[in-house]
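Below, each chain spelled out in residue letters.
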Amino acid sequence: MNIAQKLHNEFVRLGGMRHKLKNKMLAILPEIYESEIWKKYAGSIVEYAGKYGDIAGTTTKKRLRLESNLDGLPCLKAAIEKVGVHKVAMVAKIATPETDQALAESILN
C-alpha cells in the first residue's frame, strides 16, 4: 500500500470517528443544558456547543427541541448516538411508546 492510500485510509477513519463523537455529544447535550454547566463556560448553550463541540447552532437548537418529543422513547433517544439527531427528528413527532423500538430499528438500518 502506498503513502497516498495510507493517508486516505487514515483520513476516512478519522472522519468516521468524528461523526460518532459528535453524535455522542449530541446525546448528552440536553443533560448539559439542564444542569446549566454551560453557563460556567459560555453565554448560551449554542455558544457552548459551538465552541467546545464544534456543533452548529441549528443542530444544537434542533437537538434541544427534540428532547421533549423523546420523553418515554428510550430506543429513539439511544439512536441519536448511532445515526444522529436529524434522522431521529424525522420520526420523533409521530413516535409513541408502542412504536418506539420499531421506528428506532428502521432508522438504524
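Above this text you will find the structure in question.
Residues numbered from 1 in each chain as written. Predicted model: local features only at pLDDT ≥ 70, side-chain atom pairs only at ≥ 80, totals over all residues. Heavy atoms only, no water.

*Asks:* When you look at the side chain of E67 in this model, what are you seeing that I'm missing?
*Replies:* Relative to the helices and strands, E67 is located in helix α3 (residues 57-67). Residue classification places E67 among the buried residues on the basis of a relative accessible area of 17%. (Helix = DSSP H or I, 4+ residues; strand = E, 2+ residues; numbered from the N terminus. Buried < 20%, exposed > 50% of the residue type's maximum accessible area, 1.4 Å probe, protein only.)

*Asks:* Looking at this model, I keep getting lost on the packing of aromatic side chains. Mind explaining?
*Replies:* By convention here, two paired aromatic rings are described through the distance between centres and the angle between planes. Summed over all chains, the structure comprises four aromatic pairs. Where Y33 meets W38, the ring centres are 6.1 Å apart and the plane angle is 5°; that geometry is what we call stacked. The partly exposed category is assigned to Y33, whose relative accessible area is 36%. With a centroid separation of 5.3 Å and an interplanar angle of 50°, the aromatic rings of Y48 and Y52 are classed as tilted. (Phe/Tyr/Trp six-rings, centres within 6.5 Å; stacked < 30°, edge-to-face > 60°.)

*Asks:* How should I be thinking about helix α1 (residues 3-35) in this particular structure?
*Replies:* It helps to recall that an α-helix has 3.6 residues per turn; residues three or four apart then point in one direction. In this model, α1 (33 residues) spans 47 Å end to end at C-alpha, consistent with the 48 Å of a helix rising 1.5 Å per residue. Where α1 bends most, at I28, the angle is about 40°, and the proline P30 comes one to four residues later. Of the positions making up α1, those classed as buried are K22, N23, L26, A27, L29, P30 and I32. Its buried side turned inward, α1 meets α2 (45-53), α3, α4 (74-83) and α5 (85-92). Two to three positions downstream of the cap, the backbone nitrogen of A4 sits 3.3 Å from a side-chain oxygen, assigning the N-cap of α1 to N2. (Expected span 1.5 Å × (residues − 1). Bend = angle between axes of the 7 residues up to and from the residue. Contact = heavy atoms within 4.5 Å. Polar contact = N/O pair within 3.5 Å; in protein donor to acceptor, adjacent residues only side chain to side chain.)

*Asks:* Help me out: how do you make sense of the packing of α1 against α4 in this one?
*Replies:* Between α1 and α4, whose axes approach to 6 Å, the crossing angle comes to 150°. Between α1 and α4, the crossing angle belongs to the class labelled roughly antiparallel. Each of K20, N23, K24, L26 and A27 in α1 lies in contact with α4, whose residues at this interface are I80, E81, K82 and V83. Split into classes, the residues belonging to the contact of α1 with α4 amount to four nonpolar, one polar and four charged. (Axes fitted to C-alpha atoms, helices over the stretch in contact; angles between N-to-C directions. Parallel < 35°, antiparallel > 145°, perpendicular 65-115°, else oblique. Nonpolar A, V, L, I, M, F, W, Y, C, P; charged D, E, K, R; others polar.)

*Asks:* For this particular structure, what's the right way to read the nonpolar core?
*Replies:* Across soluble globular proteins, you tend to see nonpolar side chains buried next to one another. Core analysis: the largest hydrophobic core is formed by 24 residues, its most contacted members being L66, L70, L76, I80 and V88. For this core, the elements supplying multiple residues, two or more each, are α1, α2, α4, α5 and α6 (100-108). Beyond its immediate chain neighbours, meaning those up to four positions away, V88 contacts L66, L70, L76, A79, I80, V83 and I107. (Core = buried A, V, L, I, M, F, W, Y, C linked by side-chain atoms within 4.5 Å.)

*Asks:* When you look at the pattern of salt bridges in this model, what are you seeing that I'm missing?
*Replies:* When their charged atoms lie close together, side chains carrying opposite charge are able to pair. One pass over the structure, following the stated rule, counts five salt bridges. Its salt-bridge partner being R13, residue E10 comes within 2.8 Å of it at the nearest N-O pair. With E10 and R13 both in helix α1 and three residues apart, the pair spans about one turn of that helix. A residue is classified by how much of its surface remains accessible, and E10, at 34% relative accessible area, is partly exposed. Note that R18 is salt-bridged to D54, the shortest N-O span being 3.9 Å. (Salt bridge = Lys/Arg side-chain N within 4 Å of Asp/Glu carboxyl O.)

*Asks:* I tried to follow unusual backbone geometry on my own but got confused; where do I start?
*Replies:* Negative phi values dominate among residues other than glycine, just as trans dominates among peptide bonds. The backbone of E36 sits at a positive phi, close to 60°, despite the residue not being glycine. Here D54, not a glycine, exhibits a phi torsion of approximately 55°, which is positive. Within the element layout of this structure, D54 appears in the loop between α2 and α3. By relative accessible area, which is 53% here, D54 ends up exposed.

Keep in mind these values describe shape, not function.
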